[in-house]
Amino acid sequence: MERTSYRSLGCGEIREAHIGRQVKVAGWVRRVRDLGRFVFVDLRDRTGIVQLRALEGSPVYEVLRTLGREWVIQAEGVVQRRESPNPNLPTGQVEIEVAALTVLNTSETPPFLIEDETNAQEELRLRYRYLDLRRTVLQQRLLFRAEMVRIIREYLRARGFVEVETPMLIRSTPEGARDFLVPSRLKPGSFYALPQSPQLLKQLLMIAGFDRYYQVARCFRDEDYRGDRQAEFTQIDCEMSFVTQEDILQTFEGLVWEVFQKLMNVELGPLPRYSYAEVMQAYGSDKPDLRYRLRWEAVLNWPAHAHIPFLAGKNLYWLWIEGGKASRRLQDEWQAIAKSYGTTLAVVQKTSQGIQSSLNKFLLSEGDWEGLPMSAEGLGLLVGLEEGKYALLGALRSAVIKDLALSPERDWAVLWVVDFPLFERDEESGRLVAAHHPFVHPHPEDLDKLEEDPLRVRGLAYDLVINGYEIMSGSVRCHTAALQRRIFRQLGLSEAEMTEKFGFLLEALSYGAPPHGGCAFGLDRWVMLLTGGENLRDVIAFPKTASGADLMLGAPAPLDPDQLRQVKEWISSGQTVS
Ligand code: ASP
């Protein structure tokens, strides 16, 4: 750590090589141990912890004894070898014999102990986030995050990407979530939206000729926050011109390699690619956790099928868990999951004693079991589904992995999912909606189906999945106004609505837009995965709670009456409301 007027080096940097040298350190008192003849102080700064010592009779002895937790001090002295080393600390071989000590500030007794392992309530820690952030685990995660952004920036810069900032006060961009809105004072009755992503702005930068753009971009989505969502989050947002999907995947596969290699010391090698159709049928999810091999197999020719009432006429899927065993209770729980998806599950338990299954009563002979691939002993799950309803397969697979406490077969499973559908049907309204966002370029092979059979049209869209999390998502974009209009039309937009909402985009596309495409990485989630955090809050300096609150700042907060009156005026087109 940089030398300043207060210190010559960081607390955590002192080593045996410094023995005999005079050093100056500054930091926070982690704890004081008064052993009578000696007093020891653990001093902490961002680099780590070092032990200070004073002997009875030394001029600083009395001061050292009276220091409180989290006081800020500066200490000077000679580094010496410890009598009883601590092998768990990088500085554990040495200590500083304090000759001079200055108290720079005192501290109230902190409301919780500032240690890696803490059982303090998260609410309390968020209220005193600046104290929570003094914990080494959190500091290390944020340092890791900073390092990761540096590596990403360097990788992108070396490949011609230009960092450009885009505005926060914009118009709604449709990423499928609710916008945060800001009322305009100067144009009463009108609103800005905070960006859900810089999607259209980065496309406009391509039209403007920047060729390659990136931004460490803050995005805002007013959603109900779950463990892996925050209202405000960061994307590494990228866009490239004159590229095909292949060019884009290769560029960002390289970025993923680089991050894993430099930060995790892991060589990923070429990333497997799966089509959306394949992952849905094999894993029941578009972001499967492939650390586990478990895979559903379609059962095609199984004669017994026909005389089992709850399977007849459906597509059969079979999951075999080698060596697996499930209690009655677990089987009932899985059955309940199947029921909640409107279907019935058949469980097959095979042991050296034979096969136990609710299917037995429907089968005519032992030979009927052929067609369901099994090994010597294990557990099989069989379900009948209607086409396209694969979510149950994912729910059951996750339940089996969790309930049987299966261990992962590898640490990292990183894959591409490609060929997503362009549209999906909104269950409530029955209307077509964009599966990703409305700017995705249809797969060229499916272009002629756009009007006749839109649900069968694939998009040039891709996701990167790491251990069951979607870490990046992107697409090639429509770069002609004509194609973009065809998509908007399919989404039910009238000419007037197109002009009203996306007139600027359609206009820009008509002034020579290059072929382009890109992606965005969810930085918070990626850092969380790589640092072993359990929650996005673990990798964000000042996060919000599940109900969207900042407990430290007390945000959101009511306005004072005058402000509220003004805002109401802005919202209601300048007419006074009571
Ligand atoms: N804007 C998209 C998103 O936030 C990513 C992209 O298409 O580049 O998911």
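Residues numbered from 1 in each chain as written. Predicted model: local features only at pLDDT ≥ 70, side-chain atom pairs only at ≥ 80, totals over all residues. Heavy atoms only, no water.

Here we have eight strands laid out as an open sheet, ordered 6-9-10-22-21-20-17-11, and mixed in their pairing. Where the open sheet ends on each side, the last strands, each with one partner, are strand 6 (162-163) and strand 11 (273-275). Looking at chain direction, strand 9 (residues 212-220) and strand 10 (residues 232-241) are connected through nine bridges and run antiparallel. Counterpart to Cys219 in the pairing with strand 10 is Phe233. Packed onto the sheet, helix 5 (residues 199-207) meets strand 9, strand 10 and strand 22 (516-522) and runs at close to 25° relative to strand 10. (Pairing = 2+ DSSP bridges. Helix = DSSP H or I, 4+ residues; strand = E, 2+ residues; numbered from the N terminus. Contact = heavy atoms within 4.5 Å. Axes fitted to C-alpha atoms, helices over the stretch in contact; angles between N-to-C directions.)

Moving on, we come to the environment of Ile321. Structurally, the position occupied by Ile321 is in strand 13 (residues 315-322). What Ile321 contacts, discounting residues up to four positions off in sequence, is Leu294, Gly378, Leu379, Leu381, Val400 and Leu404.

What follows deals with the sheet that holds strand 15 (residues 354-357). Across the sheet, five strands lie side by side as 12-13-16-14-15; this open sheet has antiparallel pairing. Two strands bound the open sheet, and with one partner strand each, they are strand 12 (297-299) and strand 15. On average, adjacent strands in this sheet sit at an angle of 25° to one another, irrespective of strand direction. Relative to strand 16 (residues 378-385), strand 13 runs antiparallel, the two sharing eight bridges. Counterpart to Ile321 in the pairing with strand 16 is Leu379. Across the face of the sheet, helix 8 (residues 328-340) comes into contact with strand 14 (345-351) and strand 16 while running at roughly 155° to strand 14. Helix-sheet contacts for helix 9 (residues 391-403) involve strand 13, strand 14 and strand 16, and the interaxial angle to strand 16 is about 160°.

Function-wise, these values are silent; they only describe arrangement.
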